[in-house]
Amino acid sequence: MNTVVPPLAVLLDCALGDPRWMPHPVRGIGRLATFTEKQARGSLGDRVGSGVLATLLVLVAVGLIAFTLVLVASWYGSKVEGVVGAILIWTTIAPRDLYAHSEAVRRALADGDLEDARRKVGRIVGRDTDELSEAEVVRAAVESVAESTLDAMVAPLFYAALTDSVGAMLYRAVNTLDSMWGYRNDRYLTFGRFSARLDDVLNYVPARINAVVLCVAAAIVTGRGRSAWRILRRDGRNHTSPNAGLSEAAVTGALDVRLGGTNSYFGKPSYKPTIGDDVVPLVAEHIRVANRMMFWTTGLLTAAISIAPFISEQ
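Residues numbered from 1 in each chain as written. Predicted model: local features only at pLDDT ≥ 70, side-chain atom pairs only at ≥ 80, totals over all residues. Heavy atoms only, no water.

Peer 1: Honestly, unusual backbone geometry in this entry has me stumped. Any pointers?
Peer 2: Across the chain, the bulk of peptide bonds are trans and the bulk of non-glycine residues have phi less than zero. Positioned with a positive phi, Asp256 is a non-glycine residue whose angle comes to about 65 degrees. By the secondary structure assignment, Asp256 is in the loop between α11 (244–255) and β1 (259–265). In the Ramachandran plot, Phe266 falls in the positive-phi region, its phi being about 55 degrees despite a non-glycine side chain. Here Phe266 is to be found in the loop between β1 and β2 (268–275). Of the residues examined, Phe266 reaches a relative accessible area of 60% and is grouped as exposed. (Helix = DSSP H or I, 4+ residues; strand = E, 2+ residues; numbered from the N terminus. Buried < 20%, exposed > 50% of the residue type's maximum accessible area, 1.4 Å probe, protein only.)

This is how it looks when you write it as structure tokens:
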């Protein structure tokens with residue numbers, strides 16, 4: 001892949017975010033997932049096999065569309081192919097939107113409007129938010145930023161660098177399916193098992209890269225790189241996900257706070273192991289710091305992807 005493409009994609013997102021006027025592939029993937037779920041359940045019922053079939057159908061469709069776009073662009077030269085590739089990667093990352101949504105939560109808390117903060121944090125997390133305390137709203141936002149640094153920045157860029165823009169699109173499709181079907185409830189415990197495990201597998205290497213880079217970002221942003229590394233090594237596995245806890249642990253160590261605990265999903269409590277030390281209480285400013293770490297991590301990884309080919313040639 002042209003080493004200019006990933007940085008161009010990041011610059012596009014930082015400049016434009018996710019324009020509501022532009023048809024976004026993730027929304028299309030979501031609609032396709034809803035259709036394939038209905039068809040697969042109708043054919044095979046609620047079983048693992050129906051989830052496998054639905055997942056494969058979505059991935060084949062997404063892969064073919066992305067591949068065709070890149071192939072057609074290549075007929076018009078490498079520059080056009082690079083621009084199309086950058087646009088595709090742009091749609092798989094979301095640093096600006098993540099910042100905008102989480103910063104809106106911070107501003108609502110700073111204004112003393114807890115009800116508004118609850119509503120706004122509900123847009124970026126899956127848990128129930130109607131009765132969250134101020135500290136719990138902050139925890140939800142910080143956890144979302146930490147986890148999304150992996151899902152919405154590092155992993156798509158990793159697969160773009162490892163393969164190309166088609167690989168980034170396929171990763172985004174798997175991650176979207178996990179967000180739709182990965183719930184451990186009666187409806188998706190069986191059907192969504194395959195897509196959830198596939199998401200875990202695809203995130204395994206990027207999650208560990210992300211955690212290390214987050215520790216570097218912690219050293220830059222808070223001067224607590226060693227603390228981030230210590231909590232990462234101690235508590236990184238304290239999570240139901242084999243990957244998400246690593247991001248949370250690095251961010252927690254940088255902030256000197258504790259994440260995890262009990263959340264409510266669809267009215268039912270769900271306990272997650274705690275991560276970090278409860279040295280200081282969670283406050284709205286921690287959201288801003290987590291976002292700064294997210295941007296630094298995105299920038300450091302993008303720079304590494306850009307210069308790696310030149311280093312390897314030496």
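That was the structure; now back to the text.
Peer 1: I'm lost on the pattern of salt bridges in this one. Help?
Peer 2: Applying the stated criterion across every chain yields a total of 19 salt bridges. As a salt-bridge pair, Glu103 and Arg106 come within 2.6 Å of each other at their nearest N and O atoms. You can see Glu103 and its partner Arg106 sitting in helix α5 (residues 95–110), three residues apart, about one turn around the helix. Each member of the pair, Glu103 together with Arg106, is buried. Lys120 is the salt-bridge partner of Asp116, the closest N and O atoms lying 2.9 Å from each other. (Salt bridge = Lys/Arg side-chain N within 4 Å of Asp/Glu carboxyl O.)

Peer 1: Any chance you could explain the packing of aromatic side chains here in plain terms?
Peer 2: The way to describe two aromatic rings as a pair is by their centre distance and the angle between their planes. Taken as a whole and judged by the stated rule, the model has six aromatic pairs. The interplanar angle of 15 degrees and the centroid separation of 5.7 Å between the aromatic rings of Tyr159 and Tyr171 together place this pair among those described as stacked. Of this pair, Tyr159 sits in helix α7 (residues 134–162) while Tyr171 sits in helix α8 (residues 165–181), and the two are 12 residues apart along the sequence. Accessibility assignment for this pair places Tyr159 and Tyr171 in one class, buried. Centroid distance Trp181 to Phe191: 4.9 Å. Interplanar angle 75 degrees. Geometry classified as edge-to-face. (Phe/Tyr/Trp six-rings, centres within 6.5 Å; stacked < 30°, edge-to-face > 60°.)

Peer 1: How do you make sense of the packing of helix α3 (residues 48–74) against helix α9 (residues 193–221) when you look at a structure like this?
Peer 2: Packed helices, taken two at a time, are described by the angle their axes make and the gap between the axes. With their axes 7 Å apart at the nearest point, α3 and α9 run at an angle of 55 degrees to one another. Classed by the angle they form, the pair α3 and α9 counts as oblique. Contacts from Val48, Gly51, Val52, Thr55 and Leu59 of α3 reach α9 at Arg193, Phe194, Ser195 and Leu198. Residue classes in the contact of α3 with α9 are distributed as five nonpolar, three polar and one charged. (Axes fitted to C-alpha atoms, helices over the stretch in contact; angles between N-to-C directions. Parallel < 35°, antiparallel > 145°, perpendicular 65-115°, else oblique. Contact = heavy atoms within 4.5 Å. Nonpolar A, V, L, I, M, F, W, Y, C, P; charged D, E, K, R; others polar.)

Peer 1: Looking at this structure, I do not really get the pairing of β1. What am I missing?
Peer 2: In regular strands, side chains alternate between the two faces of the sheet. As paired elements, β1 and β2 share six bridges and run antiparallel to each other. For Gly261, the partnering residue across the bridge sits in β2 and is Lys272. Joining the antiparallel neighbours β1 and β2 is a turn of two residues, in which Phe266 adopts a positive phi near 55 degrees. (Pairing = 2+ DSSP bridges.)

Peer 1: What am I meant to see in the nonpolar core here?
Peer 2: General note: in soluble globular proteins, nonpolar side chains tend to be found buried as a group. In terms of nonpolar packing, the biggest core is built from 49 residues, with Val105, Leu109, Val121, Val142, Val251 and Met293 touching the most fellow members. When residues no more than four places from it in sequence are discounted, the contact partners of Val142 are Val251, Leu255, Leu259, His286, Ile287 and Ala290. In terms of nonpolar packing, the next biggest core, distinct from the first, is built from 18 residues, Leu59, Leu88, Val166 and Met169 among them. (Core = buried A, V, L, I, M, F, W, Y, C linked by side-chain atoms within 4.5 Å.)

Peer 1: Looking at this model, I keep getting lost on a nonpolar patch on the surface. Mind explaining?
Peer 2: A cluster of nonpolar side chains, contributed by Phe67, Leu71, Val72, Trp75, Tyr76 and Val80, occupies part of the molecular surface with about 640 Å² of accessible area. Looking at the nonpolar patch, the element that brings in the most residues is α3, giving three residues. You can see Val80 is positioned in helix α4 (residues 78–90). For Val80, a relative accessible area of 34% corresponds to the partly exposed category. (Patch = residues over 30% accessible without salt bridge, like charges linked within 9 Å, V, L, I, M, F, W, Y side chains within 5 Å. Areas by Shrake-Rupley, 256 points an atom, 1.4 Å probe, with all protein chains shown as cover.)

Peer 1: Any chance you could explain α3 here in plain terms?
Peer 2: Think of an α-helix as turning once every 3.6 residues; residues three or four places apart then point the same way. Between its terminal C-alpha atoms α3 stretches 39 Å, which fits the 39 Å expected from 27 residues at 1.5 Å a residue. Those residues of α3 that fall on the buried side of the exposure criterion are Ser50, Gly51, Ala54, Thr55, Val58, Leu59, Val62, Gly63, Ala66, Val70 and Ala73. If you follow the buried residues of α3, they end up packed against α2 (25–44), α4, α8 and α9. (Expected span 1.5 Å × (residues − 1).)

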